[in-house]
Structure formats: structure tokens, C-alpha cells
Amino acid sequence: MGKRDYYEVLGIDRNASKEEMKKSYRKLAMQYHPDRNPGNPEAEEKFKEAAEAYEILSHDEKRAKYDRFGHDGVRGSGFGSTGFTDINDIFSHFSDIFGGASIFDDFFGGGSQRGRRKSAGSPGSDLRVNLKLTLEEIASGSKKKIKIKKQIIT
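Remember, it's a predicted structure, so these values are computed and weren't measured experimentally. (Residues numbered from 1 in each chain as written. Predicted model: local features only at pLDDT ≥ 70, side-chain atom pairs only at ≥ 80, totals over all residues. Heavy atoms only, no water.)

Student: So what exactly am I meant to see when it comes to the pattern of salt bridges here?
Tutor: When charged atoms on two side chains of opposite charge get close, those side chains can pair. The final tally for this structure, using the stated rule, is 12 salt bridges. Its salt-bridge partner being K18, residue D60 comes within 3.1 Å of it at the nearest N-O pair. Here K18 lies in helix α2 (residues 18-32) and D60 lies in helix α4 (residues 60-69), a separation of 42 residues in the sequence. Each of R4, E8 and E49 takes part in salt bridges that share partners, so that together they form one network. (Salt bridge = Lys/Arg side-chain N within 4 Å of Asp/Glu carboxyl O. Helix = DSSP H or I, 4+ residues; strand = E, 2+ residues; numbered from the N terminus.)

Student: When you look at the packing of helix α3 (residues 41-57) against α4 in this model, what are you seeing that I'm missing?
Tutor: Helices that pack against each other are described as a pair by the angle of their axes relative to one another and the distance between those axes. The interhelical angle for the contact between α3 and α4, taken along N-to-C directions, is 105°, at an axis separation of 6 Å. Looking at the two axes, α3 sits roughly perpendicular to α4. In this structure, α3 uses E55, I56 and L57 to contact α4, whose residues at the interface are K62, R63 and Y66. (Axes fitted to C-alpha atoms, helices over the stretch in contact; angles between N-to-C directions. Parallel < 35°, antiparallel > 145°, perpendicular 65-115°, else oblique. Contact = heavy atoms within 4.5 Å.)

Student: Looking at this model, I keep getting lost on α2. Mind explaining?
Tutor: The α-helix winds at 3.6 residues per turn, so residues separated by three or four positions along the chain end up facing the same way. The end-to-end C-alpha distance of α2, which contains 15 residues, comes to 21 Å, matching closely the 21 Å that a straight helix rising 1.5 Å per residue would cover. For α2, every residue scored as buried is listed here: M21, S24, Y25, L28, A29, M30 and Y32. (Expected span 1.5 Å × (residues − 1). Buried < 20%, exposed > 50% of the residue type's maximum accessible area, 1.4 Å probe, protein only.)

Student: Mind showing me how you'd approach the packing of aromatic side chains here?
Tutor: How two aromatic rings sit relative to each other is given by the distance of their centres and the angle of their planes. In this structure the tally under the stated criterion is three aromatic pairs. For the ring pair Y6 and Y66, a centre distance of 4.7 Å and an interplane angle of 35° mean the geometry is tilted. With Y6 in helix α1 (residues 6-10) and Y66 in helix α4, this residue pair connects regions lying 60 residues apart in the sequence. In this structure, Y6 and Y66 share a single accessibility class: buried. Between Y7 and Y66, the aromatic rings sit 6.0 Å apart at their centres with planes inclined by 45°, giving tilted as the arrangement. (Phe/Tyr/Trp six-rings, centres within 6.5 Å; stacked < 30°, edge-to-face > 60°.)

Next comes the structure, spelled out in C-alpha cells:
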């Protein structure tokens, strides 16, 4: 079976605005997110399909090629060619959806975090906190209080 039409995947009209597209994609990403559907390969495929559709349609040049030539026009610029190797790689492309790449880098271990780490001599650079959050908490930017014990070596 061939690929579905990207507009159909996102449930939008061909003349939909970027804001409508973003809203639809965000809804699908939340609905089919692997954390909400553990062990469900169908949901994971729909999540990947929505990410691929948004990747193409959210860029004006890629969208124009897709509108003119269909999937053949964007072959080599879609999901497989963007460097996505697994479900976690998709998060690195969420910055325009959820307001900053650091949200997903920090909570899902994105690769760009490593490049931004503080140098070894910076205070707090060796601290790491594991914090359980729901996708809704991450998306809405909820605030949590944490306690960190400091060990003083004398």
C-alpha cells in the first residue's frame, strides 16, 4: 500500500494555514504518542506518519513540491532522510510545536543537550534529576518543586 496523502494524515484541507496544521499535528502527536500507547505498533506508526506529514507540510518549499508533484516531489526530503532513526529522534524536530527543543531534549534525552552541557567546572554541571512527567505536563509547561540534597565534603 502506498503512502497516504499528507493532508489526509493531518486531517486538514489543502489550503489550511500553518496554525491549523500545527494544531492538528499537535493533537495527533498527543493522541498517538508512544507513552500513551505503550506496546501499540499501530499507534507508533500513526505517530511517525503524522510527524512525516508535518515535516513536509510545515516547510513552504517542501509543501510546494508536495502540492505540485505529490510524494515523488519530496522523496528524499521526508521522514527517512531527515535523520529519524527511531521514535526519540522525532522529538528533536518539535521545537516549533512545543516552544523549544530543550523541552524534549531535557526530558527525552535528545542529542543536542550534550552540546549545551556546562563545562566540568560550572556549579551544578554534575547534577542530574530524574523526574516523571506526563506529556500534558510537558506540553503545558507545568511547574514542579524538587528537593536536592547537597553533600558537602570536608
